[in-house]
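Read off the chains here:
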Amino acid sequence: MPQRSPLDLPEGDPFGPHNLPYGVFTTPHAPHLRKIGVRYGNHVLDAGAAAAAAASPHAEQLGADTLNPLMAAGRPVWQAVRAEVLGWLTDPAHRSIIEPLMHPLPTVALHLPFEVADYADFYASEHHATNAGRIFRPDGEALSPNWKHMPIGYHGRAGTLLVSGTPIVRPQGQHLPPADTSAPPHASSPTPVFGPSLRLDFEAEVAFVVGAPSTVNTPVGLSGFHDHVFGVCLLNDWSARDIQAWEYRPLGPFLGKSFATSLAAWVTPLEALTAARTSPPARDVPLLPYLDDSAAEPGGLDLRLEVALNGHTVSRPPFSAMYWTAAQQLAHLTVNGASLRTGDVFASGTVSGPRPDELGCLLELTWGGRQPLRLPDSTRTFLEDGDEVTITAWAPGPQGVRIGLGEVTGQVVPATP
Ligand SMILES: O=C(O)/C=C/C(=O)CC(=O)CC(=O)O
Ligand SMILES: [Ca+2]
Ligand SMILES: [Mg+2]
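Residues numbered from 1 in each chain as written. Chains lettered and ligands numbered in written order. Predicted model: local features only at pLDDT ≥ 70, side-chain atom pairs only at ≥ 80, totals over all residues. Heavy atoms only, no water.

Draft legend 1. Expanded view of the overall build of the protein chain. Along the backbone of the protein chain there are eleven helices and 26 strands. The C-alpha radius of gyration of the protein chain comes to 22 Å, within 12% of the 22 Å expected for a compact globule of 417 residues. In terms of principal-axis extent, the alpha carbons of the protein chain reach across some 75 × 50 × 35 Å. Here the protein chain holds 417 residues, and the buried ones make up 54% of them. Summarising the internal contacts of the protein chain: among those between residues at least 6 apart in sequence, 74% fall at separations of at least 24. With an accessible surface of roughly 18000 Å², the protein chain has 55% of that area assigned to carbon and sulfur atoms. In the protein chain, which carries 26 positive and 40 negative side-chain charges, the distance between the mean positions of the two groups comes to 4 Å. (Helix = DSSP H or I, 4+ residues; strand = E, 2+ residues; numbered from the N terminus. Rg over C-alpha atoms; globule rule 2.2 N^0.38 Å. Buried < 20%, exposed > 50% of the residue type's maximum accessible area, 1.4 Å probe, protein only. Contact = heavy atoms within 4.5 Å. Areas by Shrake-Rupley, 256 points an atom, 1.4 Å probe, with all protein chains shown as cover. Lys, Arg positive; Asp, Glu negative; His and termini not counted. Charge placed at Lys NZ, Arg CZ, Asp CG, Glu CD.)

Draft legend 2. Highlighting the site of ligand 1. Close contacts around ligand 1 come from 17 residues, with Tyr123, Arg137, Glu203, Lys257 and Thr350 the closest. A distance of 3.4 Å separates an oxygen atom of ligand 1 from a polar backbone atom of Phe122. Relative to its free-state accessible area of 380 Å², ligand 1 is covered by the protein chains to the extent of 95%. Of all the secondary structure elements, the ones that give two or more residues to the shell around ligand 1 are β6 (119-122), α6 (126-136) and α8 (241-247). The element contributing the most residues to the shell around ligand 1 is α6, with three residues. Residue composition of the shell around ligand 1, grouped by class: six nonpolar, four polar and seven charged. (Near = heavy atom within 4 Å. Polar contact = N/O pair within 3.5 Å; in protein donor to acceptor, adjacent residues only side chain to side chain. Nonpolar A, V, L, I, M, F, W, Y, C, P; charged D, E, K, R; others polar.)

Draft legend 3. Spotlight on the coordination of the magnesium ion (ligand 3). Ligation of the magnesium ion (ligand 3) by protein atoms is provided by Asp237 (OD), Lys257 (O) and Thr261 (OG1), these donors lying 2.2 to 2.4 Å from the ion. Motif for the magnesium ion (ligand 3), donor spacing along one chain: D-x19-K-x3-T. Placement of the pair is Asp237 in the loop between β14 (229-236) and β15 (239-240) and Lys257 in helix α9 (residues 255-258), with a sequence separation of 20 residues. For the residue pair Asp237 and Lys257, the accessibility class agrees, reading buried in each case. (Donors = N, O, S within 2.8 Å, 3.2 Å for Na, K, Ca; no water.)

Draft legend 4. Examining the pairing of strand β13 (residues 204-210) more closely. Within β13, seven of the seven residues are buried, which leaves it mostly tucked inside the rest of the structure. Where β13 lies against β14, seven bridges are found, and the strand directions are antiparallel. If you follow Phe208 over to β14, its bridge partner there is Val232. (Pairing = 2+ DSSP bridges.)

Draft legend 5. Up close: the sheet that holds strand β4 (residues 102-104). Strand order in this open sheet of five strands is β4-β3-β2-β1-β5, and the pairing throughout is antiparallel. Two strands in the sheet have a free side with no partner beyond their single neighbour: β4 and β5 (109-111). In this sheet, neighbouring strand axes are inclined to one another by 45° on average, regardless of whether the strands run parallel or antiparallel. Taken together, the three bridges between strand β3 (residues 43-46) and β4 define a ladder with antiparallel strand orientation. By the bridge assignment for β4, His43 is matched with Pro104. Against the sheet, helix α4 (residues 75-90) makes contact with β1 (22-27), β2 (30-40), β3 and β4, and its axis sits at roughly 85° relative to β2, the strand it touches most. (Axes fitted to C-alpha atoms, helices over the stretch in contact; angles between N-to-C directions.)

Draft legend 6. The arrangement of the packing of aromatic side chains in detail. By the definition in use, this model includes ten aromatic pairs. Plain terms: the ring middles of Tyr22 and Phe230 are 5.7 Å apart, the flat faces sit at 35° to each other, and that makes the pair tilted. One end of the pair, Tyr22, is in strand β1; the other, Phe230, is in strand β14, with 208 residues separating them in the sequence. In this pair, the class of Tyr22 matches that of Phe230, namely buried. (Phe/Tyr/Trp six-rings, centres within 6.5 Å; stacked < 30°, edge-to-face > 60°.)

Draft legend 7. Summary view of helix α10 (residues 326-334). In terms of residue burial, α10 counts as a mostly covered element, since eight of its nine residues are buried. Here α10 has its buried residues at Ala326, Ala327, Gln328, Gln329, Leu330, Ala331, His332 and Thr334. Tucked into the core, α10 has its buried residues touching β6, β13, α7 (225-228), β14 and β22 (345-347).

Draft legend 8. Structural view of the UniProt feature "domain: Fumarylacetoacetase N-terminal" (unreviewed entry) in the protein chain. With numbering aligned to this structure, UniProt lists the feature "domain: Fumarylacetoacetase N-terminal" (unreviewed entry) at residues 18-113. The distance from the first to the last C-alpha atom of residues 18-113 is 20 Å, and the span holds 38% helix and 28% strand. (UniProt positions renumbered as here; feature names shortened; annotations may be inferred.)

Draft legend 9. Structural context of the sheet that holds strand β25 (residues 388-396). Sheet architecture is open: five strands sit in the order β9-β26-β25-β20-β21, paired in mixed fashion. Edge positions in the sheet fall to β9 (168-169) and β21 (312-315), since each of these pairs with one other strand and no more. Strand direction decides the pairing type here: strand β20 (residues 304-309) and β21, joined by three bridges, are antiparallel. In the strand pairing of β21, Val307 is matched with Ser315.

Draft legend 10. Highlighting the pattern of salt bridges. One pass over the structure, following the stated rule, counts 20 salt bridges. In this structure, Glu99 engages Arg95 in a salt bridge whose closest nitrogen and oxygen atoms are separated by 3.7 Å. Classification of Glu99 as partly exposed rests on a relative accessible area of 30%. If you follow the salt bridges from partner to partner, you end up with Asp201, Glu203, Asp237, Arg241 and Lys257 in one network. (Salt bridge = Lys/Arg side-chain N within 4 Å of Asp/Glu carboxyl O.)

Draft legend 11. View of α4. Look at α4: 22 Å from first C-alpha to last across 16 residues, which is about the 22 Å you get at 1.5 Å a residue. Val77, Trp78, Val81, Arg82, Glu84, Val85, Trp88 and Leu89 are the residues of α4 that are buried. The buried residues of α4 occupy one face: seen down the axis, they fall within an arc of 165°. (Expected span 1.5 Å × (residues − 1). Arc of directions from axis to C-beta.)

Draft legend 12. Main features of the environment of Ala240. Note on placement: Ala240 falls in strand β15. If we ignore the near neighbours within four places in the chain, the residues touching Ala240 are Pro171, Ser197, Arg199, Leu200, Gly256 and Phe259.

In structure tokens, the structure reads:
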């Protein structure tokens, strides 16, 4: 049977013509030459070479070794480049030039697709925030009084965003001895120990990647979302729960989350998710005008996440259940005058739904380690060395097609001695 062309995809391929995510890859022949690629099925188009061959007006942006120049160019350029790439991949007139520029996915190495500028992480799932509150603060209110009035978040560590597939070294740090960690730190002077985290967790999240920058003292507002946000990536906010529980009062997450955050290698353009737009849950309190999206286009996204631990599905978190939308997060992030830079990443926070099989981290799935999770061949409270966590997702696309999001995966390796 003749080999099928990489340009002839099976009907309904989740990485078909409606998707076209961007990444950065190298081939074994030139391991230091980073190129922009567009995923199509199980192949990667060398977009820089295609742009040069087509004498594209965007050859400079597509010929770069990161997505930053394309991301910085703004929405009209994003739309023009997307239309051009679609033409290269689907118009038979380009076939003989494009076919040799398609690399099988398993033959390339994928890299962090853009230079990360600043990184913030939100806390936008009411289900996650309520559960985390009950587990970490059993004697207090589950949701803090500000939670329904603004998207709560913290600034994280941009330099430790790692591309999917990078091994995750178990972090070391201060924490209370195991017997004490299920309870909040007691007033009666607890004594910490130093060593590898014994409560390493994942957090299934969706990250939004800023393309066009903004000016200091100029809030972006809800309506600026589509002009500033280039695309979406799956993200795993690895979390050391014992370090976190001991350190976080009163300032919030610090070393318990800054050691590693995994980002998918593929950025799905926002435009590919148009059919997935959906209304967020009903709001329980009136919102201040800069966050009030009641008259705006639906700001939620119907992304269906799946988390696998060592190949076994442990959860299916629904992104449509998130209380705060990404547009509200961006409006909040800039309302004080803070500016955006190309490459800023803001993550949604752990995606958890209302059901027990929709929770986005082990903290919730095992209720603070008290109810071990059953796997076919073992049980888990928190992650063990050698464990591999893979987050995948899809979204409804046009005409019933699925839009696949690039996976984010990572394996835990033992703490550095
Ligand atoms: O409730 C807390 O103290 C902390 C919860 C988190 O783990 C913070 C976080 O990373 C936010 C999130 O992923 O939703
Ligand atoms: Ca998080
Ligand atoms: Mg992290």
